[in-house]
Amino acid sequence: MTEDKKEKEEERKGKYIIEREYIEDERIIEPEKLDIGGIDASGRWGVIVLPRVISDFDHSLIEEVKKLPRGKHIERCWQCGLCTAVCPVAHKEPNFNPRYFIYIVKMGYKSEIKKLKKYIYLCQGCGLCTEVCPKHVDPSGVMMALNILFDKL
Amino acid sequence: MEGNKSILVIGAGPAGLQASKDIAEFGFRVVLVEKNSELGGAPIRWRYHTLAPDFVPTEKVLGPLIDFVKNNSLITVYTNSIVEGYERKDDFFKIRILNLRNKSISYENVSSVIVATGFEHYNASVDPRYGYGINPNVIGINELEIMISNGKVVRHDGKIPKRIGFILCVGSRDKATNPWCCTVCCGVSIKQAIEIKKIIPDSQIYIIYMDIRTIGLWEKLYWQSMENYHINYIRGRVGEIYWTGEKLLVKGEDTLVRGPFEALFDMIVLAVGMEPGEGTKQVAKVFGLRVNEYGFLSPRIPNIHYDSGKDGIFLAGACVAPMSVEEAIGEGSAAALQAIKYSMKRDRKVP
Amino acid sequence: MNNFTLSIFYVLFNVILFIVSSIILILRIKRWGVSYPFINLFKEFFKRGKLKIYSKLKILINTFIKDLLSLKRAGYLCEERFHFYGRVLLVYGFGGVVIMNLINFILNPLGIPLGFSHPLSVITYLAYILLALGSLMLFLRRFIRVNLRKTTDLSIWLLHLSLFYFSVIGILYFSLLNSGFIFLSSIIFYFYLGGIGLLYLFLPLSEVGYFIWKASALLTHSLSIERESD
């Protein structure tokens with residue numbers, strides 16, 4: 001098993017990039033042949049990293065969430081972060097961040113949603129976030145709605 | 001001498017108008033000196049459509065004040081005039097008033113002075129980031145207010161904008177320009193965003209902010225804007241604005257995503273803040289008033305605004321600190337009472 | 001109506017309402033636009049991969065016991081133990097009630113009263129009492145604290161109250177039956193049927209419908225993770 005893993009490590013895209021762990025796999029392109037203005041740049045130096053700039057806002061996801069059960073107050077959220085502050089799951093797994101999930105859905109950042117899709121399952125429905133939310137967003141319910149939404153995306 | 005029942009009020013903004021009304025109703029004479037040709041100060045000069053937070057039309061608040069001042073026989077109004085100098089004689093001030101149009105000089109004897117010279121909006125062309133004055137469709141909240149008063153919000157080519165961005169804290173809270181906070185910009189910008197949404201219902205409005213400081217009871221504007229009018233908030237700052245020939249490319253950082261954004265907008269509104277105007281600086285020089293490090297008039301004790309520290313001179317309104325219209329009206333009334341008390345004390349023969 | 005026709009009526013009632021309930025659940029999930037619960041699990045199970053059927057079954061059972069049965073996803077990490085125990089009682093009580101009703105029907109189709117000390121009766125009573133306690137605990141917890149009361153959705157109040165009603169009616173019915181009040185119990189029987197019908201019709205529209213979908217999604221997810229990591 002370790003032999004397989006080692007091989008996989010060497011097969012990883014962009015393995016020569018320093019601080020490689022900050023870049024998502026989808027943004028690295030390693031073309032077989034790369035020709036820049038007549039100069040052959042294939043191989044180790046021909047690795048392209050796509051920018052991670054957000055170039056547009058997409059508010060269609062918010063409309064979908066508002067139709068799902070218990071997701072109708074998602075628009076009230078003002079990103080204060082109280083829900084994440086009391087969430088017991090967020091303290092163990094920092095990638096599960098209710099406030100951030102609501103934000104990326106509100107603004108429609110699909111690349112971030114793809115990155116964090118797999119953590120939405122961790123919600124335990126304990127309801128602490130709903131207790132403390134100052135705007136009555138019902139984050140516990142919104143997490144339920146986001147479970148359904150992220151399954152579709 | 002008759003000078004002891006007259007009070008000079010410099011500036012006919014909300015503070016000055018309220019002070020004049022109170023003094024005239026009390027029975028004293030008022031000399032009201034205003035630099036511009038219209039009374040009413042910034043709300044009238046920039047045609048404020050409504051006042052936050054309840055969308056009260058400006059005429060309802062300032063209209064009665066202006067009418068009273070114009071029609072009252074105890075109030076002498078000098079428009080297009082400034083106070084050029086004074087002499088202190090016994091118990092009263094001999095004021096020299098210069099008319100800016102025809103350069104004529106008048107003299108008045110008054111027993112006390114109220115300074116209510118107000119503010120000016122920060123001129124964003126000083127800051128090259130936003131391209132104000134160079135890029136079309138980058139406007140300030142003062143210019144937007146005029147558009148809203150006319151009922152039509154349009155781009156420079158006459159088209160209706162679909163995506164509008166508000167940038168808060170322009171010129172304010174910045175060591176390079178104005179280090180202070182303008183108190184009311186956040187509330188006013190949100191109020192304008194709601195009004196645009198009412199005029200153009202299918203527009204997308206984004207407010208790019210560092211903090212949202214809707215003071216006191218104005219908080220309900222913030223909640224309303226998110227819940228009823230679906231205005232989007234991006235916490236972040238804008239670095240540059242480019243004009244692509246058709247739209248504005250806004251480059252900034254979204255703090256919550258910890259990443260850059262470059263999005264196209266149809267129109268950008270800069271929330272330019274308040275700064276002490278030319279009138280304030282000139283009056284401070286004439287009367288020798290203390291000015292703090294920001295350029296605002298500095299009262300003797302910072303928390304008591306009307307007391308300038310100089311005998312017989314009182315301060316009111318936005319020349320002391322940025323404030324909303326309701327606060328300025330209150331300060332005008334307070335300064336009026338202090339001026340009346342001072343004048344009456346001087347009238348008595350003190351043993 | 002003698003006991004035989006009543007039993008047939010009872011079976012038909014349950015079967016028809018079960019079908020109606022499933023249809024409601026499927027329509028609701030269709031409106032969400034996601035994959036149907038158990039069909040997706042089936043497809044994932046039989047997809048070609050490196051794992052054998054036996055190890056896939058092992059993963060499923062593992063996830064089922066560790067994640068679902070232990071209610072790990074129901075507030076296991078949450079500091080408020082009262083909430084967690086209320087949920088535990090509710091889930092196990094409800095499961096017990098369903099199982100005991102089935103067993104009672106299979107072993108005793110004509111509904112002859114068994115008396116209070118019969119083992120089947122004891123377990124049935126236990127299940128109903130657990131359910132009543134659990135739903136009452138959860139309801140009171142939300143009712144007493146102001147910030148919880150204000151932020152709770154209507155569907156949650158209805159869920160707790162209907163489960164509580166069902167358990168109380170069940171206890172009442174079985175007690176009347178076992179004490180020999182045949183006439184009274186035959187009247188309460190219709191209220192009992194009403195409680196069952198209410199649950200059949202309401203549960204797919206409430207949080208329980210969502211949990212059924214999420215449970216199968218979790219199982220599917222645990223299989224697909226194993227498959228993708230190969």
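What counts, and at which threshold
- Residues numbered from 1 in each chain as written.
- Chains lettered and ligands numbered in written order.
- Predicted model: local features only at pLDDT ≥ 70, side-chain atom pairs only at ≥ 80, totals over all residues.
- Helix = DSSP H or I, 4+ residues; strand = E, 2+ residues; numbered from the N terminus.
- Rg over C-alpha atoms; globule rule 2.2 N^0.38 Å.
- Buried ≥ 20, exposed ≤ 12 C-beta atoms within 10 Å, placed from the backbone.
- Contact = placed C-beta atoms within 7 Å.
- Nonpolar A, V, L, I, M, F, W, Y, C, P; charged D, E, K, R; others polar.
- Pairing = 2+ DSSP bridges.
- Axes fitted to C-alpha atoms, helices over the stretch in contact; angles between N-to-C directions.
- pLDDT = per-residue confidence, 0-100.
- Domains from an automatic or database assignment.
- Arc of directions from axis to C-beta.

Q: When you look at the overall build of chain A in this model, what are you seeing that I'm missing?
A: Helix and strand counts for chain A stand at eight helices and four strands. Taken from N to C terminus, the helices and strands of chain A fall in the order α-β-β-β-β-α-α-α-α-α-α-α. In summary, chain A has a C-alpha radius of gyration of 20 Å against a globular reference of 15 Å for 153 residues, an excess of more than 25%. Expressed along its principal axes, the backbone C-alpha trace of chain A runs to roughly 60 × 40 × 25 Å. In chain A, which comprises 153 residues, the proportion classed as buried is 32%. Long-range pairs, those at least 24 residues apart, make up 62% of the contacts in chain A with a sequence separation of at least 6.

Q: Help me understand the interface of chain A and chain B in this model?
A: Quoted interface sizes are often the accessible area lost when the parts come together. The interface of chain A with chain B comprises 13 residues on the first partner and twelve residues on the second. When grouped by side-chain class, the residues that make up the side of chain A that touches chain B number six nonpolar, two polar and five charged.

Q: Would you explain the interface of chain A and chain C in this entry?
A: Taken together, the contacts link 20 residues of chain A with 20 residues of chain C. With six residues, the single largest contributor to the side of chain A that touches chain C is helix α8 (residues 139-152) of chain A. Looking at the side of chain A that touches chain C residue by residue, the classes come out as nine nonpolar, six polar and five charged.

Q: Explain the sheet that holds strand β5 (residues 75-78) of chain B here, please?
A: For sheets, the rule is that strands pair by backbone hydrogen bonds, running either parallel or antiparallel. Residues and elements named next belong to chain B. Overall, parallel pairing links the five strands, which are arranged β5-β2-β1-β9-β19 in an open sheet. The open sheet has two free edges, formed respectively by β5 and β19 (313-315), since each of these has just one partner strand. Sheet twist, expressed as the average angle between the axes of neighbouring strands with direction ignored, equals 20 degrees. Set on the sheet, helix α1 (residues 14-26) makes contact with β1 (6-10), β2 (29-33), β5 and β9 (112-115); between it and β2 the angle comes to about 165 degrees.

Q: Would you mind going over the confidence of the model for chain B with me for this structure?
A: Any segment with low pLDDT has predicted coordinates that should not be analysed in fine detail. With 97% of its residues at a pLDDT of 70 or more, chain B has an overall mean of 92. The ipTM assigned to the predicted complex is 0.83, against a pTM of 0.86.

Q: Explain the domain arrangement of chain A here, please?
A: Entries for chain A in the domain assignment read domain 1 (2-49) and domain 2 (60-152). Placing the centre of domain 1 of chain A and that of domain 2 of chain A at their C-alpha centroids yields a distance of 34 Å.

Q: Mind showing me how you'd approach helix α2 (residues 37-45) of chain C here?
A: Think of an α-helix as 3.6 residues a turn; residues three or four steps apart then line up on the same face. All names here are of chain C. Looking only at α2, the buried set comprises Pro 37, Leu 41 and Glu 44. On an axial view of α2, the arc spanned by its buried residues comes to 65 degrees, and they lie on one face. Facing away from the buried side of α2, by more than 90 degrees, are the exposed residues Ile 39 and Lys 43.

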